[in-house]
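Architecture at a glance
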Amino acid sequence: MYTVNAYAAPSATEPLEPTTIERRDLGPKDVLIDIAYAGICHSDIHTVRGEWGEIVYPQVVGHEIVGTVAEVGSEVTLHAVGDRVGVGCMVNSCRECENCTAGMENYCLKGNVGTYAGKDKDGTITQGGYAEKIVVVEDFVLRVPESIPYEAAAPLLCAGITTYSPLAHWKVGPGSRVAVVGLGGLGHMAVKIAHAMGAEVTVLSQTLSKKEDGLKMGADHYYATSDPETLKNLRNSFDLIVNTVSAPLDLDAYLRMLALDGTMVNVGAPPEALPLHVFTLFANRRTFAGSSIGSIGETQEMLDFCAEHGIAPEIELIDASQINEAYERVLKSDVRYRFVIDTATLAPAN
Ligand SMILES: [Zn+2]
Ligand SMILES: [Zn+2]
C-alpha cells in the first residue's frame with residue numbers, strides 16, 4: 001500500500017481538508033502515477049455535497065488527472081516509467097457487456113467504475129485525483145502528448161472529452177454550423193475543438209461578458225440569450241447545438257434553432273425533468289440527444305487531436321489550500337475557465 005497526501009471532504013457540509021489515503025499495491029496490470037495536476041470539475045462539488053446521492057466519507061474527488069508514471073506492474077505493456085499520462089472520469093468497467101466489448105466503456109451497462117465515489121472491483125470506494133498518487137489499471141490510463149502544456153492538460157480528461165465525443169459522433173467538420181450553449185469549463189473546450197474541426201461556431205451565453213474570450217477561442221459569432229430576440233433570430237440555423245448548461249432552459253426555443261436533421265445534445269445535466277413539445281421535433285426532423293463523457297479510445301483520440309491542433313484549456317492554477325475558495329467561485333461561474341490544483345502543494349495532514 002502507498003500512503004499519500006490528499007485533500008478530502010469529511011462530510012457533505014464541511015470544507016475539504018488535508019488528509020492521507022491508501023492506494024492499493026500494484027497488481028500485474030496496474031500503473032502507479034505521481035499526480036502533477038488535478039482539475040476541478042463541477043461534478044466534484046455535486047458529489048462531495050451529496051447532491052447526486054449519498055456517498056461514503058471521507059471522499060477525495062477529482063477526475064481530471066495528469067501525472068507521470070512512477071512504477072508499473074509486471075504485465076504492463078501500454079505505459080512505461082516516466083511517461084506523461086492522464087486519468088479521466090472512469091478507472092474500470094465490466095469489460096463484458098455489449099457496450100464494453102464495442103469499446104464504449106463509458107456506456108458500460110453495469111456502470112463503469114467512477115474515478116471517485118465509485119465501487120472498485122475489490123469492493124473499495126474509489127478516491128480521486130486531489131492526491132499525490134493514484135493506482136489505475138493500465139488500459140484506463142491515457143497517453144498525454146508532451147506538446148500540450150503540462151499544467152493545462154488535466155481539464156481535457158473530463159471537459160475536453162465530454163465535448164469532443166459528441167462533436168466527433170455527429171461528424172462536425174468544415175461546413176458544420178455548431179452552437180455552444182454556455183461558455184464555462186465545458187463550453188470553452190467545445191468552442192476550441194469545434195473550431196479546430198473546421199466548423200462555424202456560435203456561442204450562446206447569458207450575457208456578452210465573455211464575448212472577447214469566446215472570439216479568441218475560435219467562435220465566429222457570439223450572442224446573449226438574455227436578449228429575447230436572439231433565439232428567434234437564429235431559428236433553423238444550426239446543425240448541432242451542444243448544451244453545456246446544467247440549469248433548466250426552454251427546450252422548444254432552443255430546438256427551434258436547429259436546421260434540417262439538426263441535433264441538440266445535452267452534456268450539461270439539469271436535475272429536473274424538462275418539458276418538450278414533440279411538434280418542435282417534427283419540424284426539420286430534429287433530434288434531442290444526450291452524451292456522457294467518452295470512451296477510452298475516443299479520449300486518446302481527443303488528446304492526440306488537441307496536441308496536433310495546439311489546443312489546451314484555459315486554466316487558473318491554484319494551491320491545494322485554495323480548493324474550498326475555488327469551489328465557491330465555480331458555483332458563481334467565476335472562473336476562466338477551469339481551476340487546476342498543483343498537487344505539489346498538498347499539505348501533509350497534521
Ligand atoms: Zn467532470
Ligand atoms: Zn460493461
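Residues numbered from 1 in each chain as written. Chains lettered and ligands numbered in written order. Predicted model: local features only at pLDDT ≥ 70, side-chain atom pairs only at ≥ 80, totals over all residues.

**Description of the domain arrangement of the protein**
- Segmenting the protein into domains produces domain 1 (2-158 + 294-345) and domain 2 (159-290).
- The straight-line distance from the C-alpha centre of domain 1 to that of domain 2 is 27 Å.
- The partner domain 2 presents 15 residues to the 19 residues of domain 1 that form the contact.
- Ranked by residue count, the leading element in the side of domain 1 that touches domain 2 is helix H10 (residues 296-309), at five residues.
- Taken together, the residues of the side of domain 1 that touches domain 2 sort by class into 10 nonpolar, five polar and four charged. (Domains from an automatic or database assignment. Contact = placed C-beta atoms within 7 Å. Helix = DSSP H or I, 4+ residues; strand = E, 2+ residues; numbered from the N terminus. Nonpolar A, V, L, I, M, F, W, Y, C, P; charged D, E, K, R; others polar.)

**As for the UniProt feature "domain: Enoyl reductase (ER)" (unreviewed entry) in the protein**
- Here, UniProt's "domain: Enoyl reductase (ER)" (unreviewed entry) annotation points to residues 11-341.
- Each end of residues 11-341 is marked by a C-alpha atom, and these two atoms are 21 Å apart; helix forms 25% of the span and strand 25%. (UniProt positions renumbered as here; feature names shortened; annotations may be inferred.)

**A closer look at the packing of helix H4 (residues 159-169) against helix H5 (residues 185-196)**
- Where H4 meets H5, the axes come as close as 8 Å, and the angle between the chain directions of the two elements is 50 degrees. Looking at the two axes, H4 sits oblique to H5. Crossing handedness for the pair H4 and H5: right-handed. Counting all contacts with H4, which are made through Ala-159, Gly-160, Thr-162, Thr-163, Tyr-164 and Leu-167, the residues of H5 involved are Gly-185, Leu-186, Met-189, Ala-190, Ile-193 and Ala-194. (Axes fitted to C-alpha atoms, helices over the stretch in contact; angles between N-to-C directions. Parallel < 35°, antiparallel > 145°, perpendicular 65-115°, else oblique. Left-handed = near helix turned anticlockwise from the far one by under 90°.)

**What about the environment of Met-1?**
- For Met-1, the location among the structural elements is in the segment before strand S1 (2-8).
- The spacing of Met-1 and Tyr-327 is 326 residues in sequence and 30 Å in space, taken between C-alpha atoms.
- If sequence neighbours within four positions are ignored, Met-1 has contacts with Glu-22, Arg-23, Arg-24 and Asp-25.

**Things to note about helix H11 (residues 323-331)**
- Restricting attention to buried positions, one finds in H11 the residues Ile-323, Ala-326 and Tyr-327. Down the axis of H11, the buried side of the element spans an arc of 105 degrees, and every buried residue falls inside it. In this structure, H11 carries Glu-325 and Glu-328 as exposed residues pointing more than 90 degrees from its buried face.
- In this structure, the buried residues of H11 make contact with S1, helix H1 (42-48), strand S16 (315-318) and strand S17 (338-342).
- Of the residues trailing H11, Ser-333 is marked for its positive phi of about 55 degrees. (Buried ≥ 20, exposed ≤ 12 C-beta atoms within 10 Å, placed from the backbone. Arc of directions from axis to C-beta.)

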